[in-house]
Amino acid sequence: MLPDIKSLSREELEAQFKTWGEPAYRVTQVLEWLYARRAPAWDAMKNLPKTLRDKLAEQFTLQTPELVRKQGSPDTTQKFLWRLADHSLIESVLIPANPALYGEASDRHTLCISTQIGCAYGCKFCASGLEGWKRNLQPHEIIEQVLAIERQGEPSPARVVDNIVVMGMGEPLANYDNLLKALKILNAPWGGGIGARKITISTSGLAPQIRKLAEEPLQFRLAISLHGATDEVRGKIMPVNKKYPLKELIAACEEYQGQKGRMMTLEYILIAGVNDSIQQTKPLAAIAKKIFAKVNLIPYNTVEGLPWHRPSEEVCEQFLEALEKQNVTATLRREKGHDIDAACGQLRLKTERELAA
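Now for a quick tour of the structure. (Residues numbered from 1 in each chain as written. Predicted model: local features only at pLDDT ≥ 70, side-chain atom pairs only at ≥ 80, totals over all residues. Heavy atoms only, no water.)

1. Thoughts on the overall build of the chain
- Within the chain, the secondary structure is distributed over twelve helices and twelve strands.
- Entry remark: accessible area of the chain is about 15,400 Å², with carbon and sulfur atoms responsible for 52%. (Helix = DSSP H or I, 4+ residues; strand = E, 2+ residues; numbered from the N terminus. Areas by Shrake-Rupley, 256 points an atom, 1.4 Å probe, with all protein chains shown as cover.)

2. Things to note about the state of the cysteines
- What the rule picks out here adds up to zero disulfides.
- Just so you know, C123 is unpaired, no disulfide at all, and the nearest cysteine sulfur is the one on C126, 6.2 Å from it.
- Take C123: its relative accessible area is 18%, and that puts it in the buried class. (Disulfide = S-S within 2.5 Å. Buried < 20%, exposed > 50% of the residue type's maximum accessible area, 1.4 Å probe, protein only.)

3. Some remarks on the sheet that holds strand β2 (residues 78-83)
- Taken together, ten strands build an open sheet; the order of strands is β1-β2-β3-β4-β7-β8-β9-β10-β11-β12 and the sheet is mixed. At either end of the open sheet lies a strand with only one pairing partner, and these are β1 (66-72) and β12 (330-332). In this sheet, adjacent strand axes meet at a mean angle of 20° when their direction is disregarded.
- Relative to β12, strand β11 (residues 293-299) runs parallel, the two sharing three bridges. The partner of L297 across the bridge, within β12, is L332.
- Each of β9 (221-225) and β10 (264-270) is contacted by helix α9 (residues 246-260), which is oriented at about 170° to β9, the strand it contacts most. (Pairing = 2+ DSSP bridges. Axes fitted to C-alpha atoms, helices over the stretch in contact; angles between N-to-C directions. Contact = heavy atoms within 4.5 Å.)

4. A closer look at the packing of aromatic side chains
- Per the stated rule, a full pass over the model turns up four aromatic pairs.
- Here the aromatic rings of F17 and W20 are separated by 5.5 Å at their centres, their planes lie at 40°, and the arrangement is tilted. Residue F17 and its partner W20 are both found in helix α1 (residues 10-20); the two are separated by three residues, about one turn of the helix.
- Under the relative-accessibility criterion, F17 is labelled buried at 1%.
- Centroid distance Y35 to W190: 6.1 Å. Interplanar angle 65°. Geometry classified as edge-to-face. In this pair, Y35 is assigned in helix α2 (residues 25-36) and W190 in the loop between α5 (176-187) and β8 (199-203), connecting sequence segments 155 residues apart.
- Since its relative accessible area comes to 5%, Y35 is described here as buried. (Phe/Tyr/Trp six-rings, centres within 6.5 Å; stacked < 30°, edge-to-face > 60°.)

5. So, the environment of L270
- Along the chain, L270 falls in strand β10.
- Relative accessible area serves as the criterion here: at 0%, L270 is assigned to the buried category.
- The spatial distance from the C-alpha of L270 to the C-alpha of R310 is 6.6 Å, given a sequence separation of 40 residues.

6. Let's talk about helix α4 (residues 139-152)
- With 14 residues, α4 should reach 20 Å at 1.5 Å per residue; the first-to-last C-alpha distance of 20 Å fits that figure.
- Of all the bends in α4, the greatest, near 30°, is centred on Q145.
- Summarising burial for α4: 13 of the 14 residues are buried, a large majority. (Expected span 1.5 Å × (residues − 1). Bend = angle between axes of the 7 residues up to and from the residue.)

7. Some remarks on the packing of α5 against helix α6 (residues 207-214)
- Where α5 contacts α6, the axes come no closer than 12 Å and their chain directions differ by 30°. By the angle class used here, α5 and α6 are roughly parallel. In terms of crossing hand, the pair formed by α5 and α6 is right-handed. Contacts between α5 and α6 involve Y176, D177 and L180 on the former and, on the latter, Q209, K212 and L213.
- For the contact of α5 with α6, the per-class residue count stands at three nonpolar, one polar and two charged. (Parallel < 35°, antiparallel > 145°, perpendicular 65-115°, else oblique. Left-handed = near helix turned anticlockwise from the far one by under 90°. Nonpolar A, V, L, I, M, F, W, Y, C, P; charged D, E, K, R; others polar.)

8. Some thoughts on the pattern of salt bridges
- As enumerated under the stated definition, the model contains 19 salt bridges in all.
- Residues R135 and E141 are paired through a salt bridge, measuring 2.9 Å at the closest nitrogen-oxygen approach.
- Residue classification places E141 among the buried positions, given a relative accessible area of 7%.
- Here the salt bridges do not stand alone but share partners, grouping D4, K6, E144 and R151 into one network. (Salt bridge = Lys/Arg side-chain N within 4 Å of Asp/Glu carboxyl O.)

9. Digging into helix α10 (residues 281-290)
- Turning to α10, its buried residues number three or more, namely T281, L284, A285, I287 and A288. Viewed end-on, α10 has its buried residues packed into an arc of 160°, placing them on one side of the element. Seen from the buried face of α10, the exposed residues on the opposite side, beyond 90 degrees, are K282 and K289.
- Of the surrounding secondary structure, the elements contacted by the buried residues of α10 are α9, β10, β11 and α11 (313-325). (Arc of directions from axis to C-beta.)

10. Section: the packing of α1 against α2
- Their axes nearest at 9 Å, the elements α1 and α2 cross at an angle of 130°. Viewed along their axes, α1 and α2 adopt a mutual orientation that is oblique. Regarding α1 and α2, the two cross each other, and that crossing is right-handed. Note on element contacts: α2 touches α1 through R26, V27, T28, V30 and L31, opposite R10, L13, E14 and F17.
- Of the residues contributing to the contact of α1 with α2, the split by class is five nonpolar, one polar and three charged.

Written out as structure tokens, the structure is:
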């Protein structure tokens, strides 16, 4: 299969145009069509000579995902299910930001994107890995989740996506090279133009990759999907904790913090009867203080077929209050998409099972 042009950096595209004997300004024109105008086909690039468009079509693909389903929520959270060129399904979730979510103004939107088809890490509460891991997404498949959402907002020229969180299907740092290439393109002024500090990478705790990410010059934000403040609790719901227990994970985070000097986020899904007791707030607070992190509490989104449930609103509020009393910066995500199968991988799994039936 031909490579997709959006998986190329500017430097790679310039090298290709040089071998073709094309002037350098043509690269700028192509990049503007791809990222500013979000062109879905070669023929849309009207100011390029047909001979160049033909060469591009012979050398590269220009893939756009097919929208299979779109579900909206009364709080304006929207989930998108995309079909890729190989018929695989992936999800993206567009979330209206508010002070209780990521601290942005309410007129801004955060897009949660996927990095893999399925997941190999088998977190017990998550729908993403229920059908196993199939493959990594290529850079253009990560990038296109953003561009496809932007196309949904057309003909308005205004940007739809202000912030990106890499917290969708898959373990982002298990697809490290493709992810970093995609994010660098989305960050570049000639690409997506989204600031590095408006991009958050999440991980379930891959310590070696956290250390590698610490060496990256760009100031991407880091979030740790913790969900358990002790090895006993975390080990019950997150198999990754066996390979990278909390001691090693915290050491990697301290190294990251030493390099970046920026506050991290601890993502903590509250699951009834598993990790929502007030006793868990003490070790959680200790971790947050040790690695200079804020805590984002997320009531569990129920997944059909799994035995877990979200705690009551009262329990969630008490957990938040207990953390704040220990001088930890914490937020509690209020209702965000529970009514639209917004848990990672949930809509994809539901759709695949319907198609199979």
